[in-house]
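Chain by chain, the residues:
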Number of protein chains: 2
Amino acid sequence: MNGARSLLTTLVDQGVDVCFANPGTSEMHFVAALDTVPGMRGVLTLFEGVATGAADGYARMSGKPAAVLLHLGPGLGNGLANLHNARRAHVPMVVVVGDHATYHKKYDAPLESDIDALAHTVSGWVRRTLDVGDIAVDAVDAVAASRAGVVSTMIVPADVSWNDGEPTEPLPAGHPAPGIDDDAVREAADALNSGVPTVLLVGGDATLAPGLSAAVRIAERTGAKVLCETFPARLQRGAGVPAVERLAYFAEGAEAQLVGAEHLILAGAASPVSFFAYPGRPSDLVPQGCEVHVLAGHSGAAAALEQLADDVAPGTTASVAPLMRPDLPTGELTAFSAAAVIGALLPEGAVVVDESNTAGVGVAAATAGAPGHDVLTLTGGAIGYGMPAAIGAAMAAPDRPVLSLQADGSAMYTVSALWTQARENLDVTTVIFGNGAYDILRIELQRVGAENAATPGPSALRLLDLGSPTLDFVKIAEGMGVPARRVSTAEDLAAALTEAFAAPGPHLIEAVVPSLVNT
Amino acid sequence: MNGARSLLTTLVDQGVDVCFANPGTSEMHFVAALDTVPGMRGVLTLFEGVATGAADGYARMSGKPAAVLLHLGPGLGNGLANLHNARRAHVPMVVVVGDHATYHKKYDAPLESDIDALAHTVSGWVRRTLDVGDIAVDAVDAVAASRAGVVSTMIVPADVSWNDGEPTEPLPAGHPAPGIDDDAVREAADALNSGVPTVLLVGGDATLAPGLSAAVRIAERTGAKVLCETFPARLQRGAGVPAVERLAYFAEGAEAQLVGAEHLILAGAASPVSFFAYPGRPSDLVPQGCEVHVLAGHSGAAAALEQLADDVAPGTTASVAPLMRPDLPTGELTAFSAAAVIGALLPEGAVVVDESNTAGVGVAAATAGAPGHDVLTLTGGAIGYGMPAAIGAAMAAPDRPVLSLQADGSAMYTVSALWTQARENLDVTTVIFGNGAYDILRIELQRVGAENAATPGPSALRLLDLGSPTLDFVKIAEGMGVPARRVSTAEDLAAALTEAFAAPGPHLIEAVVPSLVNT
């Protein structure tokens, strides 16, 4: 058996059954093996950043790793931004990067580059397989390592793929989930019982219903305030799910949410810091004098919260959000009326992939009482995440509708994701918020105190503007095989969404909304 | 003066007057400074890989560095593939990567990553500026280093941009071009005069008319064979320019070109190696027993060749290619008839950016006798180069028509380059060879000896196929503001090209051609 087939067989044996790929010459043996090893679904993407984002979305919704097949250093480079987001989301993923044959590297052929250095910047586990006999062992280890919530990267030279060999029998590998730290639970309970203002910040695996229920039970009994990390990998919310407020993106908002806290308990979330630094403003958002307690890391946070809830709030159950949709608005579309339309129509069980950025400012409030749904967010801040992640989410949850909320600027990063949505006939409805600008940067230009920020000059504004020419997402989507329409009133958005949710397969709606910033 | 303004002022002083940008929050002070420092043209791209590819194309045609402005690690990651190509092209470029404020890094905010590690994989010079007083010095050094033909990467923390400071006076910096190695010239002359079969392989700065003239003079006098490296950064050719054959991409072809050579003289080119390794085939393409002589590296190769020509072929002048165009073909379009149409109509002084890959197989022969033109090629093999490079080439040579020959698969990597072509109203005519497949990989699948390669299975073929759904480049281009049409006959291609060359501004022609591979 050659190395490629051994690798593929091992991945399938380990439960990895989807591979998002953009292969090249050095991966052709892996590609050929797809027809001889049953059980792996190969999905072509037209750009590596789509493959890595799709694997992230898949992992968030399935809880298990997908494989990604990339071509040498440039292929990995193209996939890095969404691997960065995946690293921040603590999702499992197995990235296979083909490399030149071992003996070919010294010739410094045109595609030679330092793959290992790139891989280490985003991966929790990296290994270069140098002998075909090791490839099954390496694949077992890669999958096991990834299940702890990291990107595992296997670098596989072409000759290791094409050589035949006797695979070494893999040893059982495992990264057991961390146990509950009883001391940390006791310390958190003491803080909660102290009677002083306490905030419980949840993240990691505590943003699904069980962790949220435990957190809300604690809050309802002790008077603590529950907040959710700003960018959860996967947040369950809506009617029937305990509601938690997310920590604000802008530091001023987060400071207001945390003001007065004397204890801050971290359950799966990192200690709150400003997304960016701003002149004269603090980076660390923990209020002065507030004591920070780490209850649990991103993995095992839900279990620790449940033990804590049984300690401080025994026998209670958490309140849940009621079903409460906004009325359908009418008239010219705005960011807020678009959000209301979405809140009014969001289907039961939807998966909302949210990269709507500034234009999505009203969505969280408008959907708080919609039927239960999941939200996937931009964990690492590297834009170009949403449309690829929607591919993976739709494949992991084929019976659930996926709503991909997308900013126009971010959409252009990985727009070819639409083609894969069409090819795989995925049930993804994409709403592009078309405000014709990098609106977030128009806001940030002022917030960072840049010179002339109040009255920016034409050169600066031109770098933040997406007009001239206007992007026509209807044509772009149709050019990639996704039916699309443009709307500029709330009524038309409602009609378009209703139709898209009713029909299987991908759809795109360009929702024209005004910029939030006057320029 | 704040750091951003100091940086911008210094870059302009050093002759850098174009900046391809996709900025974020950490670069807002640089963006604002564009309105206070005259002399820098900021050009927005919708993806970082477009910015880096544009800077490469600009450098190849202008001979000088452009600046690139990128946002943190993910922005640099998105730009890496075209920085890889630029590294292989030995072009000057100054990449400015904004980073978190110095004091903010320890908080591991969501966008934090190892920028330095990424930068080192593609850059010949990397520096992180830690004090605003140093930024002018660092910028002078970056520009000087880049002029030796490397990517210089400056990592600029946000607080260094926004702090005010007294800039340290830069020391004069320089990287003088390497002088001619007289011993190497003598050794090459001896080889040429030895009377045994000798090949002169030219590359680097010897692929413009002066170097080519010297090489052809040498060949015509001594009987040596001149070959050009497979992927020259910029090759001058066509009527009035000495003609050289390029070393073939596939190793079998290159071996046939080199067979029998007893001396191989490298003038700006690397010793020939196979692009990829193939089972049972050599990586090193130098014939057994052939002696290799290094006349010059990529820089200074033309000068060394001129001295060598004056030594072995004094008083001669080189033959040049005659003006000789193919007749305009008719009928259904094929890769070869499309090439003939291009050869028949290529305007005088055109800049041809060639990422046509397999479908462009006939273009070199068909344009050999077209009026003098330049060809930019995919030096590093990282696809997604052509449409961005066309931006830079058009800006560096605004009076020359740019013809961007593009494979459909590669086009989708950085397709948003079309939007920047439209915004800047660049005179770029893009021809997409639409064969609906990664044809090169269909060929490579067989060449690497993959199992079942002769009759690949449906899973393998599906990963190499760009149909289902068919990409509609006319809609995609129109969606980004570039007028477009689709042609499937030679007559229609001729009409479309004639019209596009006559009208200023960008145009796109989707030329539907059959795949070269039967599947």
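Remember, it's a predicted structure, so these values are computed and weren't measured experimentally. (Residues numbered from 1 in each chain as written. Chains lettered and ligands numbered in written order. Predicted model: local features only at pLDDT ≥ 70, side-chain atom pairs only at ≥ 80, totals over all residues. Heavy atoms only, no water.)

Novice: Explain the relation of the copies chain B and chain A to me, please; I cannot follow it from the model alone.
Specialist: One copy of the chain maps onto the other through a rotation about an axis followed by a shift along the same axis. Of the transformation placing chain B onto chain A, the axial shift is 0.0 Å and the rotation is 180°, giving an RMSD of 0.0 Å. What the superposition gives is, in effect, a two-fold axis relating one chain to the other. For chain B, the residue whose C-alpha comes nearest the rotation axis is I476 of chain B, separated from it by 2.2 Å. The overlap is high: 100% of the interface residues of chain B also sit at the interface in chain A, so the same surface is used on both sides. (Least-squares fit on C-alpha atoms with pLDDT ≥ 70 in both. Contact = heavy atoms within 4.5 Å.)

Novice: Just checking my understanding: could you explain the UniProt feature "domain: Thiamine pyrophosphate enzyme TPP-binding" (unreviewed entry) in chain A for this structure?
Specialist: The sites that UniProt annotates as "domain: Thiamine pyrophosphate enzyme TPP-binding" (unreviewed entry) are residues 378-510 of chain A. Across residues 378-510 of chain A, the secondary structure splits into 42% helix and 16% strand, with the terminal C-alpha atoms separated by 20 Å. (UniProt positions renumbered as here; feature names shortened; annotations may be inferred. Helix = DSSP H or I, 4+ residues; strand = E, 2+ residues; numbered from the N terminus.)

Novice: Just checking my understanding: could you explain the confidence of the model for chain A for this structure?
Specialist: Caution applies to low-pLDDT parts of the model: their predicted coordinates are not meant to be read in detail. Here chain A averages 96 in pLDDT, while 99% of its residues score no lower than 70. Here the predicted complex scores 0.97 on pTM and 0.96 on ipTM. (pLDDT = per-residue confidence, 0-100.)

Novice: In this structure, what is going on with the packing of aromatic side chains? I would like to understand it.
Specialist: Centre-to-centre distance and the angle between the planes together describe a pair of aromatic rings. All names here are of chain A. Here the structure, examined in full by the defined rule, presents 15 aromatic pairs over all chains. With a centroid separation of 5.8 Å and 65° between ring planes, the pair formed by F231 and F275 is classed as edge-to-face. Residue F231 is found in the loop between β8 (225-228) and β9 (235-237), and its partner F275 is found in the loop between β11 (263-267) and β12 (291-296); the two are separated by 44 residues along the sequence. Residue F231 is classed as partly exposed on the basis of its relative accessible area of 23%. Consider the rings of Y249 and F275, whose centres lie 5.0 Å apart with planes at 55°: the pair is tilted. On the criterion of sequence distance, the pair formed by Y249 in the loop between β10 (245-246) and α10 (251-258) and F275 in the loop between β11 and β12 is long-range, its members being 26 residues apart. Every member of this aromatic cluster is reached through a ring pair, and the members are F231, Y249, F250, F275 and F276. (Phe/Tyr/Trp six-rings, centres within 6.5 Å; stacked < 30°, edge-to-face > 60°. Buried < 20%, exposed > 50% of the residue type's maximum accessible area, 1.4 Å probe, protein only.)

Novice: When you look at the UniProt feature "domain: Thiamine pyrophosphate enzyme N-terminal TPP-binding" (unreviewed entry) in chain A in this model, what are you seeing that I'm missing?
Specialist: As annotated in UniProt, the feature "domain: Thiamine pyrophosphate enzyme N-terminal TPP-binding" (unreviewed entry) corresponds to residues 1-108 of chain A in the numbering used here. Here residues 1-108 of chain A is 46% helix and 19% strand, with 29 Å between the C-alpha atoms at its ends.

Novice: In this structure, what is going on with the packing of helix α4 (residues 72-89) of chain B against helix α5 (residues 115-122) of chain B? I would like to understand it.
Specialist: Angle between the axes and distance between the axes: these two values describe a pair of packed helices. Residue and element names in this part refer to chain B. Remark: α4 packs on α5, axes separated minimally by 9 Å, with the N-to-C direction vectors making an angle of 10°. The orientation of α4 relative to α5 falls into the category roughly parallel. Residue-level contacts link L72, G73, L76, G77, L80, L83, H84 and R87 of α4 to I115, L118, A119, T121 and V122 of α5. (Axes fitted to C-alpha atoms, helices over the stretch in contact; angles between N-to-C directions. Parallel < 35°, antiparallel > 145°, perpendicular 65-115°, else oblique.)

Novice: Looking at this model, I keep getting lost on a negative patch on the surface. Mind explaining?
Specialist: Residue and element names in this part refer to chain A. Judged by side-chain charge, D181, D182, E187, D190, E291 and D311 come together as a negatively charged surface patch. Locating D190 in the fold gives a position in helix α8 (residues 182-192). A relative accessible area of 51% means that D190 is categorised as exposed. (Patch = residues over 30% accessible without salt bridge, like charges linked within 9 Å, V, L, I, M, F, W, Y side chains within 5 Å. Areas by Shrake-Rupley, 256 points an atom, 1.4 Å probe, with all protein chains shown as cover. Salt bridge = Lys/Arg side-chain N within 4 Å of Asp/Glu carboxyl O. Lys, Arg positive; Asp, Glu negative; His and termini not counted. Charge placed at Lys NZ, Arg CZ, Asp CG, Glu CD.)

Novice: Whenever I open this one, the sheet that holds β12 of chain A confuses me. Can you help?
Specialist: Hydrogen bonding along the main chain pairs the strands of a sheet, whether they run parallel or antiparallel. If you trace the five strands from one edge of the open sheet to the other, you get β10-β8-β7-β11-β12 (chain A), paired in parallel fashion. Lying at the two open borders of the sheet, with one neighbouring strand each, are β10 and β12 of chain A. (Pairing = 2+ DSSP bridges.)

Novice: How do you make sense of the pattern of salt bridges when you look at a structure like this?
Specialist: Pairs can form between side chains of opposite charge whenever their charged atoms are close. Residue and element names in this part refer to chain B. All told, the structure shown has 50 salt bridges over all chains when counted by the stated rule. Between E252 and R447 there is a salt bridge, with the nearest N and O atoms lying 2.6 Å from each other. Residue E252 is found in helix α10 (residues 251-258), and its partner R447 is found in helix α17 (residues 439-447); the two are separated by 195 residues along the sequence. Residue E252 is classed as partly exposed on the basis of its relative accessible area, which comes to 34%. Across the salt bridge formed by D472 and R486, the nearest N and O atoms sit 2.5 Å from each other. Taken together, the residues D472 in the loop between α18 (458-462) and α19 (473-479) and R486 in strand β17 (residues 484-487) connect sequence positions 14 residues apart.

Novice: Any chance you could explain the side chain of H263 of chain A here in plain terms?
Specialist: Residue and element names in this part refer to chain A. As for its position among the elements, H263 is in strand β11. The class of H263 is buried, set by a relative accessible area of 12%. Within polar-contact distance, the side chain of H263 engages the side chain of H293 at 2.7 Å. Those residues within four positions of H263 in sequence are excluded, and the remaining contacts are A191, S194, V196, P197, T198, V199, C290, E291 and H293. (Polar contact = N/O pair within 3.5 Å; in protein donor to acceptor, adjacent residues only side chain to side chain.)

Novice: Would you take a moment to explain α8 of chain A for this structure?
Specialist: Residues and elements named next belong to chain A. If you check which residues of α8 are buried, you get A184, V185, A188, A189, A191 and L192. Down the axis of α8, the smallest arc covering the buried residues is 160°, so these residues share one side. Opposite the buried face of α8, at more than 90 degrees from it, the exposed residues are D183 and D190. Each element contacted by the buried residues of α8 is listed here: β7 (198-202), α9 (209-222), β11, β12 and α11 (301-312). (Arc of directions from axis to C-beta.)

Novice: What should I look at first to understand the environment of P279 of chain A in this one?
Specialist: Note on placement: P279 of chain A falls in the loop between β11 and β12. It is 27 Å that separates the C-alpha atoms of P279 of chain A and T377 of chain A, two residues lying 98 residues apart in sequence. Not counting chain neighbours up to four residues away, the residues in contact with P279 of chain A comprise V448 of chain A together with W162 of chain B.

Novice: It is not clear to me how a nonpolar patch on the surface should be interpreted in this structure. Could you clarify?
Specialist: Residue and element names in this part refer to chain A. Together, F336, V361 and L516 line one region of the surface with nonpolar side chains, adding up to about 290 Å² of accessible area. Following the sequence through the fold, V361 ends up in the loop between β13 (351-355) and α13 (363-366). Its relative accessible area of 48% is what places V361 among the partly exposed residues.

Novice: Got a minute to help me understand the environment of A101 of chain B in this structure?
Specialist: As for its placement among the helices and strands, A101 of chain B is situated in the loop between β4 (93-99) and α5. Excluding residues within four positions of it along the chain, A101 of chain B makes contact with A277 of chain A together with P157, A158, D159 and W162 of chain B.

Novice: Please explain the nonpolar core as it appears in this structure.
Specialist: Buried together is how nonpolar side chains tend to be arranged in soluble globular proteins. Of all hydrophobic cores here, the largest spans 218 residues; its most connected members are L11 and F20 of chain A together with L11 and F20 of chain B. Each residue touching L11 of chain A, except ones within four places of it in the same chain, is listed here: V16, F30, M40, A67, V94, A139 and V143 of chain A. Counting residues in each nonpolar core, the second largest holds 32 residues, with A189, L192, A206 and L212 of chain B among its members. (Core = buried A, V, L, I, M, F, W, Y, C linked by side-chain atoms within 4.5 Å.)

Novice: Could you clarify how one ought to interpret the domain arrangement of chain A in this entry?
Specialist: A common way to state how big an interface is: give the accessible area lost once the parts meet. Residue and element names in this part refer to chain A. Structurally, chain A comprises domain 1 (3-162), domain 2 (182-312) and domain 3 (335-512). Summarising the inter-unit geometry, the C-alpha centres of domain 2 and domain 3 are found 28 Å apart. Counting residues at the interface gives 18 residues for domain 2, matched by 21 residues for domain 3. Here domain 2 and domain 3 share an interface that buries about 1600 Å² over both sides, 48% of which is from carbon and sulfur atoms. Among the residues domain 2 hides against domain 3, the three largest losses belong to R237, F250 and Y278. Together they make up 36% of the total. Remark: the boundary between domain 2 and domain 3 carries two salt bridges. For the interface between domain 2 and domain 3, the tally reads 11 residue pairs in polar contact (both at pLDDT 80 or more). Breaking the side of domain 2 that touches domain 3 down by element, the ones donating at least two residues are β9 and α10. (Domains from an automatic or database assignment. Buried area = accessible area lost by both parts, 1.4 Å probe.)

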